[in-house]
Amino acid sequence: VALVKAASGGTGGSAGGAPAMPLASPLMGGLNKKKKPFLGMAAPLGYVPGLGRGATGFTTRSDIGPARDANDPVDDRHAPPGKRTVGDQMKKNQEEDEEDLNDTNYDEFNGYAGSLFSSGPYEKDDEEADAIYAALDKRMDERRKERRELREKEEIEKYRMERPKIQQQFSDLKRKLAEVTEDEWLSIPEVGDARNKRQRNPRHEKLTPVPDSFFAKHLQTGENHTSVDPLQGQFAGLATPFPGGLNTPYPGGMTPEAGELDMRKIGQARNTLMDMRLSQVSDSVSGQTVVDPKGYLTDLNSMIPTHGGDISDIKKARLLLKSVRETNPHHPPAWIASARLEEVTGKLQVARNLIMKGTEMCPKSEDVWLEAARLQPGDTAKAVVAQAVRHLPQSVRIYIRAAELETDIRAKKRVLRKALENVSKSVRLWKIAVELEEPEDARIMLSRAVECCPTSVELWLALARLETYENARRVLNKARENIPTDRHIWITAAKLEEANGNTQMVEKIIDRAITSLRANGVEINREQWIQDAEECDKAGSVATCQAVIRAVIGIGIEEEDCKHTWMEDADSCVAHGALECARAIYAHALQVFPSKKSVWLRAAYFEKNHGTRESLEALLQRAVAHCPKAEVLWLMGAKSKWLAGDVPAARSILALAFQANPNSEEIWLAAVKLESENNEYERARRLLAKARSSAPTARVFMKSVRLEWVLGNIDAAHELCTEALKHYEDFPKLWMMRGQIEEQSENIDKAREAYNQGLKKCPHSMSLWLLLSRLEERVGQLTRARAILEKARLKNPQTPEIWLESVRLEYRAGLKNISNTLMAKALQECPNSGILWAEAVFLEARPQRKTKSVDALKKCEHDPHVLLAVAKLFWSERKITKAREWFLRTVKIEPDLGDAWAFFYKFELQHGTEEQQQEVKKRCENAEPRHGELWCAESKHVLNWQKNIGEILVLVASKIKNTF
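All values reported here derive from a predicted model rather than from experimental measurement.

### Side note on the overall build of the protein chain
At step 1: Each helix and strand counted, the protein chain has 53 helices and two strands in total.
At step 2: Across the 964 residues of the protein chain, 33% fall into the buried class.
At step 3: A fraction of 49% describes how many contacts in the protein chain between residues 6 or more apart in sequence connect residues 24 or more apart.
At step 4: Counting only carbon and sulfur atoms, one obtains 53% of the accessible surface of the protein chain, whose full area is about 63200 Å².

### Details of the nonpolar core
At step 1: Membership of the largest hydrophobic core comes to 58 residues, with the highest contact counts inside it found for Trp529, Ile549, Val552, Trp566 and Leu633.
At step 2: Ranked by the residues each element gives to this core, the list is headed by helix α31 (residues 579–592), at seven residues.
At step 3: Ala751, Tyr755, Trp769 and Val942 belong to the second largest nonpolar core, which has 36 residues in total.

### Overview of unusual backbone geometry
At step 1: Non-glycine residue Glu746 carries a positive phi angle of around 65 degrees.
At step 2: Structurally, Glu746 is set in the loop between α40 (732–744) and α41 (748–761).
At step 3: Classification of Glu746 as exposed rests on a relative accessible area of 61%.
At step 4: If you check the backbone angles, Arg878 has positive phi at about 65 degrees while not being a glycine.
At step 5: Locating Arg878 in the fold gives a position in the loop between α48 (864–876) and α49 (880–893).
At step 6: The class for Arg878 is exposed, based on a relative accessible area of 53%.

### Notes on the packing of aromatic side chains
One pair of aromatic rings is described through two measures. These are the centre distance and the angle between the planes.
At step 1: Evaluated as defined, the whole model comprises eight aromatic pairs.
At step 2: Measuring from centroid to centroid gives 5.5 Å for Trp875 and Phe907, while their planes differ by 85 degrees, and the two rings are edge-to-face. Residue Trp875 is located in helix α48, and its partner Phe907 is located in helix α50 (residues 898–911); the two are separated by 32 residues in the primary sequence. Per residue, the accessibility class of Trp875 equals that of Phe907, and both read buried.

### Here we look at a negative patch on the surface
At step 1: On the surface, a cluster of negative charge is contributed by Glu123, Asp125, Glu127, Glu128 and Asp130.
At step 2: With respect to the secondary-structure elements, Glu128 resides in helix α5 (residues 124–143).
At step 3: For Glu128, a relative accessible area of 53% translates into the label exposed.

### Quick word on a nonpolar patch on the surface
At step 1: Among the surface-exposed residues, Leu177, Trp185, Leu186 and Ile188 lie close enough to one another that they form a single nonpolar patch of about 420 Å² accessible area.
At step 2: Counting through the fold element by element, Ile188 comes out in the loop between α9 (182–186) and α10 (197–200).

### Section: helix α36 (residues 665–677)
At step 1: Its 13 residues place the ends of α36 18 Å apart at the C-alpha level, agreeing with the 18 Å of an ideal helix rising 1.5 Å per residue.
At step 2: Among the residues of α36, those classed as buried are Ile667, Trp668, Leu669, Ala671, Val672, Leu674, Glu675 and Ser676.
At step 3: One or two residues past the end of α36 sits Asn679, with phi positive at roughly 65 degrees.

### With respect to the side chain of Ser773
At step 1: Its place among the elements puts Ser773 in helix α42 (residues 766–778).
At step 2: Residue class for Ser773 comes out buried when judged on its relative accessible area of 0%.
At step 3: Ser773 has contacts with Ala785, Ile788, Leu789 and Glu805, leaving out every residue within four places of it along the chain.

### Regarding the pattern of salt bridges
At step 1: For the coordinates displayed, the defined rule picks out 25 salt bridges.
At step 2: Put simply, Asp571 and Arg602 hold a salt bridge, and the shortest N to O gap is 2.8 Å. With Asp571 in helix α30 (residues 562–575) and Arg602 in helix α32 (residues 597–610), the pair connects residues that are 31 residues apart, well separated along the chain.
At step 3: Using a relative accessible area of 39% as the deciding quantity, one classes Asp571 as partly exposed.
At step 4: A salt bridge links Lys879 to Glu877; its shortest N-O distance comes to 3.5 Å.
At step 5: Judged by its relative accessible area of 31%, Glu877 is partly exposed.
At step 6: Taken together, the salt bridges that share partners define one network made up of Arg774, Glu777, Glu805, Arg808, Arg812, Glu839 and Glu933.

### Details of the confidence of the model for the protein chain
At step 1: Confidence in the prediction of the protein chain, expressed as mean pLDDT, is 76, and 74% of residues score 70 or more.
At step 2: Residue range residues 231–259 is modelled with pLDDT below 50. Its contacts to residues more than four positions away, or to other chains, number 18 contacts.
At step 3: Here residues 300–304 is modelled with pLDDT under 50, and outside its nearest four sequence neighbours on either side it reaches zero contacts, counting other chains as well.

### Some thoughts on a positive patch on the surface
At step 1: The grouping of Lys673, Lys703, Lys733, Arg930 and Lys940 at the surface amounts to a positive patch.
At step 2: Here Lys703 is to be found in helix α38 (residues 698–710).

### A look at α50
At step 1: In a regular helix each residue adds 1.5 Å, so 14 residues correspond to 20 Å; α50 covers 20 Å between its end C-alpha atoms and thus fits that length.
At step 2: With respect to burial, α50 is a largely interior element, eleven of its 14 residues being buried.
At step 3: The set of residues buried in α50 consists of Gly898, Asp899, Ala900, Trp901, Ala902, Phe903, Phe904, Tyr905, Lys906, Phe907 and Glu908.
At step 4: Turning to α50, the residues buried within the fold contact α48, α49, α51 (914–927), α52 (933–939) and α53 (949–959).

### Looking at the packing of helix α15 (residues 311–327) against helix α16 (residues 332–344)
At step 1: For the pair α15 and α16, the least separation of the axes is 9 Å and the interaxial angle reads 155 degrees. Considering the angle they form, α15 stands roughly antiparallel to α16. Between α15 and α16 the crossing geometry is left-handed. Across the interface between the two elements, Ile314, Ala317, Arg318, Leu321, Val324 and Arg325 of α15 pack against Ala334, Trp335, Ala337, Ser338, Leu341 and Glu342 of α16.

### A word on the packing of helix α18 (residues 366–375) against helix α20 (residues 396–405)
At step 1: Packing of α18 against α20 brings their axes to within 10 Å, and their N-to-C directions diverge by 10 degrees. When the axis of α18 is compared with that of α20, the two are roughly parallel. For α18 against α20, the interelement crossing comes out left-handed. Each of Glu366, Asp367, Trp369, Leu370, Ala373 and Arg374 in α18 lies in contact with α20, whose residues at this interface are Val396, Arg397, Ile398 and Arg401.
At step 2: Across the contact of α18 with α20, the residue classes break down as five nonpolar, no polar and five charged.

### Let's talk about the environment of Leu711
At step 1: Looking at the element boundaries, Leu711 is found in the loop between α38 and α39 (714–727).
At step 2: Given the relative accessible area of 26%, Leu711 is considered partly exposed.
At step 3: Linking Leu711 and Trp945, residues 234 residues apart in sequence, is a C-alpha distance of 9.7 Å.
At step 4: If sequence neighbours within four positions are ignored, Leu711 has contacts with Tyr681, Arg685 and Trp945.

### Here's the deal with the state of the cysteines
At step 1: According to the stated counting rule, one finds zero disulfides in the structure shown.
At step 2: Not engaged in a disulfide, the cysteine Cys536 finds its nearest cysteine sulfur in Cys545; these two sulfurs lie 6.8 Å apart.
At step 3: For Cys536, a relative accessible area of 2% puts it in the buried group.
At step 4: Lacking any disulfide linkage, Cys581 is separated from the closest cysteine sulfur, that of Cys545, by 3.3 Å.

Quick notes on the rules
Residues numbered from 1 in each chain as written. Predicted model: local features only at pLDDT ≥ 70, side-chain atom pairs only at ≥ 80, totals over all residues. Heavy atoms only, no water. Helix = DSSP H or I, 4+ residues; strand = E, 2+ residues; numbered from the N terminus. Buried < 20%, exposed > 50% of the residue type's maximum accessible area, 1.4 Å probe, protein only. Contact = heavy atoms within 4.5 Å. Areas by Shrake-Rupley, 256 points an atom, 1.4 Å probe, with all protein chains shown as cover. Core = buried A, V, L, I, M, F, W, Y, C linked by side-chain atoms within 4.5 Å. Phe/Tyr/Trp six-rings, centres within 6.5 Å; stacked < 30°, edge-to-face > 60°. Patch = residues over 30% accessible without salt bridge, like charges linked within 9 Å, V, L, I, M, F, W, Y side chains within 5 Å. Salt bridge = Lys/Arg side-chain N within 4 Å of Asp/Glu carboxyl O. Lys, Arg positive; Asp, Glu negative; His and termini not counted. Charge placed at Lys NZ, Arg CZ, Asp CG, Glu CD. Expected span 1.5 Å × (residues − 1). pLDDT = per-residue confidence, 0-100. Axes fitted to C-alpha atoms, helices over the stretch in contact; angles between N-to-C directions. Parallel < 35°, antiparallel > 145°, perpendicular 65-115°, else oblique. Left-handed = near helix turned anticlockwise from the far one by under 90°. Nonpolar A, V, L, I, M, F, W, Y, C, P; charged D, E, K, R; others polar. Disulfide = S-S within 2.5 Å.

Structure below.
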């Protein structure tokens, strides 16, 4: 401080009063004079502070961990072998760090496989250098790329010429396969297994234990030597080593006798040993054995524990349960679980002891007593149950168990009656007791039961069933008073009245039931009531069923949903087999919607499928009265009469239909069909003439032409056809008929002209294209037929029928290769066409058909043509059961396909019984098929116009050839 003052004083004196300068200012000026350029900048790459002056960092034990011996184990307990000691780990790390500089890893051009400097740091300049080298390599590679690729290509071609693929080696032979005939192909033998039988069917080597008798026999016969004994050379011929020789080497007493090794004695010794072991388990006090020696081994099996658990788990469980029992001895589940554990492990006596201890600790537990009764044998169980009853006199389950333990019916009754004295309110006990009694005693018991349990519906209904009619009514009335909220009593009362002929009371009872239940606050559940109605229907109570349906069918449904819901209900009842319920629903729906044609139709189809002819006709009579404009109802009525053989009634129905629908085409044609089918041709002609004048349509003209044609009046048919085409030139069927009439008359040119004219007017009619193509094919103009089909494909793309005809045309001409090519194109254009896939299956050779059928099923799973093809495939392979399954599947999916029925019938003719054939025929007649290529060819032929479905089926089946 003094120095500072002195300094300041001296300065002040010399300065002559000037202000004092700070002491540190000259020093600071000196520091700022020359500032270092690197201050505040980032350190250069690889800079280590203090390295230049030797001030490097040092490492302590706290940084690297404690010192460890090479043989010390590592910290990881699960280290793999070779890494389990510190020395192993260090060695491994050194190996990883060291590069492989072996000669095998060296290449003259590239050097070593790895980088020589891979251990050094990878810096920014290294990255730049690598990028430049990569760019150079890429540039150099592009310069030589074309030449290199050309050279590689030439090398590959040269290599392929020297060593061709197996596919190329056999290409000439594959081409020759086209010349192989079908017979040659089929005569190729199947590839067999060249190995012998033992190699093909290897069996495990059987080792049979040699019986004792084998050894005994061979010991008696003596030994056989397979080598020269030195004794034989020593003692010459007479000095034999066998017993009985003159100079035998053995003294007489030491000769081994033949029968010394007696196997039977060994067996006896074995039995003696077993007896000794068994005798060890004898009672030392009485001297009597406590083990049955014969049953000993059998009992051993029963001692083997049947549980699948681990022994340690069982010990743990036993310990835990013991702990539970000791801490809470009045906890019943602990005793039950302990007993069951011992039972599972095979210690039944321990289990019994435990559960009996449990009954002492928990005498009021029903479950413990029941478990004790279950575990104890017969008589002991009865004693246990008796003890249980003393402790729990109100337990229903214990009384039931007591009854189950009794084998005698009288003893069971005695137990149950005793139980009912103590527990008179138990419905369960009453039911079991009543089941054991005779009807008269049961009635007496039930009358007492309903007094004790007045709220049990089942007991009341059981009593009502056993009583007479008058008494049953009284019983049910009492039941209603006691249980006013149960619907079953009301329904039973209605069934009772119906059974005794009082059907007029049924409706009243059901109506009162609905009113009463609503008054008592019961919600009317529509679904439950309909289920009850179905049960009534199945029980034969038709009136009750109908009354229930009428009462509840409209409950809880909006007005706009009524029709839809009722139709669904009817379908559901039909599915459940409750036909009267469905009939009642339809009847109610028709009352509410008398003018709805759809409801009448549904009801009519229901009667047709499930009712009688009379019920159908009665319904249709009512239907046409309410819906006179519904032609289909008139026609159904007329058809029903006609099928029953009542032609005048059918005529009168159609006459009434004419009055309601004066110019209806359907009714005109139905009348014509009725007359023509019954050989009234003049009447049919007059009707058609009248129809042509009053209601001229293309169909009426077509039917007129067809009638004349089938009756053989070709000229009249031709004239009518010409007249019809003036009015309806865009109706393709008229052009077809004209062409076919000309074909029948052998006027090929006129037929061709008719088809061509028709195609100008109707270019999208497939049938016209097909008829024209087949006409040209028939007269030998194959090229023209091909051109027609190609033109048809252009005008009607993605049409499977035209493609199919093109494929078949080539196949019929013998050009199988072209037909296969066309089929491939067809499947590309129409990949989901069933008829094409079905044809494709049979275009393949036999071995490939199954694969093709799988592809077809993937593309068209539910197509009837594909299913039919699969059925035919199984038929061709003689898999009869599978074929039948697939035929059934086909006719189920599409019952309208006549071809399927024909093939099915043909199949049954060859492989089925008479009943199966008739079944197919009957089902076909019911289905009334209308479509199918083979079917239509016969059914629409002029000669078969009067044949019925059954006759056409037989005809089509007879034309089918098993060429597949």
